[in-house]
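Here is what each chain is made of, one letter per residue.
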Amino acid sequence: MPYEFKIGMYVNELRLPLDDALATAKELGADYPWFTNLDEGGHVGQMSDAEADKIAELYAKYDVKMMQLSAGSPFKFIDLVEVSAGSIGEHPTFKEEFSHLIRSMELAKRMGTDTVAAYTFAWPGEYTADKPTWPMRWATQGGIISEVEMGKLVQAFKLVVEQADRYDVNVSLAMMPWNYTNTTLHFRELADRVGSDRLKVMWGPADNYNCGEPDVATAGFSNVQPYVDSIHIKDLRVNDGAIIDFDYVPFGEGDVPWQDILHNLGEANSDVVLSLATHFEHPQGRVAAMQKNMDNLQQMIASL
């Protein structure tokens, strides 16, 4: 059988109520939508079984499948430097978000997926105006993680995969410029040290490229291939990486070698979901931006 790409969508970017967002995703051609936050501002980590069942019914209503279940954005904003080695489980924010992540594991199969999402802690001062570690990270193509900080990451995600084993789910780690798995090399080192098949990645080639990792289509692809289960689809143009000067642009119109990446996925017969996002501004709004990216993605796939 010829290779076919699975297409998903991060529906929070549509800025629509979940019911309408799922309907729009299906209409645009995405069969694997997912979300982080709910209409009323909460997330699945705080939900009851009955509330979870209502969302599962919405997915069934539109004949779509949940790509992954995310309890908000667990660990995304935690500054790893502020977490004590050896006692990560006692850090108040980690403890709270870890409980939300476990709740997403409890609900995952009930809601139609066997994958939950997590993030990988913030670089020092990352969510401040001056981003003090960015120049070092750009100059070193992603940054240098000290042995102490890598040890903390391994401790944290060994706790996570223990729970994943318990609930028989996988954990897909996001790749963001602001978090520790900002490059494929950093993700691969963490995954190899944790040593669990439960650990997966939502590969973000655009974010890798934005962190100074140029060879995302070749070495980057090789690094993540054993672990990738979805791909964050967006595009950007880097103007001056050293000062974080970049612009989000429609898919296929930026610096990221997407055609090569899609070709490699097809050659490898990779069972991944292409998770469409937008990030760029469209004069006609969010839905139009998502439609533009979907059109460009479909055209690129057709050209392979």
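Check the entry above for the structure.
Bear in mind the structure is a predicted one, so any value in this text is a computation, not a measurement.

## A short note on the pairing of strand β3 (residues 115-118)
Consideration 1: Of the two faces of β3, both are covered, the one formed by Thr-115 and Ala-117 as well as the one formed by Val-116 and Ala-118.
Consideration 2: Two elements, β3 and strand β4 (residues 170-174), share 4 bridges in a ladder whose sense is parallel. Residue Ala-118 lies in a different strand from β4, and its bridge partner there is Leu-173.

## So, the side chain of His-232
Consideration 1: With respect to the helices, strands and loops of the structure, His-232 is situated in strand β6 (residues 228-233).
Consideration 2: The exposure class assigned to His-232 is buried, which follows from its relative accessible area of 12%.
Consideration 3: Side chain to side chain, His-232 and Lys-234 meet in a polar contact 3.5 Å long.
Consideration 4: His-232 has contacts with Met-202, Trp-203, Gly-204, Pro-205, Asp-207, Trp-258, Ser-275, Ala-277 and His-279, leaving out every residue within four places of it along the chain.

## Considerations on helix α1 (residues 18-28)
Three or four residues apart is the spacing at which side chains of an α-helix point the same way, because the helix has 3.6 residues per turn.
Consideration 1: Buried residues of α1: Leu-18, Ala-21, Leu-22, Thr-24, Ala-25 and Leu-28, and no others. Projected onto a plane normal to the axis of α1, the buried residues spread over an arc of 160° and lie on a single side.
Consideration 2: Positive backbone phi, at 110°, marks Gly-29, one or two positions downstream of α1.

## Let's talk about the nonpolar core
Considering soluble globular proteins, one finds that nonpolar side chains tend to be buried as a cluster.
Consideration 1: Within the largest apolar cluster, 101 residues are counted, with the highest numbers of intra-cluster contacts made by Met-9, Phe-35, Phe-75, Phe-121, Phe-157 and Leu-274.
Consideration 2: Among the elements that make up this core, the one with the highest residue count is helix α5 (residues 147-167) (9 residues).
Consideration 3: If near-sequence neighbours (up to four positions away) are discounted, Phe-35 is found in contact with Tyr-10, Val-11, Asn-12, Leu-18, Val-44, Ile-55, Tyr-59, Met-66, Leu-69 and Ser-70.

## Overview of the environment of Gly-241
Consideration 1: Relative to the elements of secondary structure, Gly-241 occurs in the loop between β7 (235-240) and β8 (245-249).
Consideration 2: On the accessibility criterion, Gly-241 (8% relative accessible area) is buried.
Consideration 3: Distance from Gly-241 to Asp-19, taken between C-alpha atoms, is 39 Å for residues 222 residues apart in sequence.
Consideration 4: Apart from the residues within four sequence positions on either side, Gly-241 is in contact with Trp-134 and Trp-138.

## Focus on the pairing of β4
Consideration 1: Among the 5 residues that make up β4, 5 are buried, leaving the element largely enclosed by the rest of the structure.
Consideration 2: Burial of the side chains of β4 extends over both faces: Asn-170, Ser-172 and Ala-174 are buried on one face and Val-171 and Leu-173 on the other.
Consideration 3: Pairing between β4 and strand β5 (residues 199-203): 4 bridges, direction parallel. Within β5, the position partnered with Val-171 by the bridge is Leu-199.

Cut-offs used in this document
Residues numbered from 1 in each chain as written. Predicted model: local features only at pLDDT ≥ 70, side-chain atom pairs only at ≥ 80, totals over all residues. Heavy atoms only, no water. Buried < 20%, exposed > 50% of the residue type's maximum accessible area, 1.4 Å probe, protein only. Helix = DSSP H or I, 4+ residues; strand = E, 2+ residues; numbered from the N terminus. Pairing = 2+ DSSP bridges. Polar contact = N/O pair within 3.5 Å; in protein donor to acceptor, adjacent residues only side chain to side chain. Contact = heavy atoms within 4.5 Å. Arc of directions from axis to C-beta. Core = buried A, V, L, I, M, F, W, Y, C linked by side-chain atoms within 4.5 Å.

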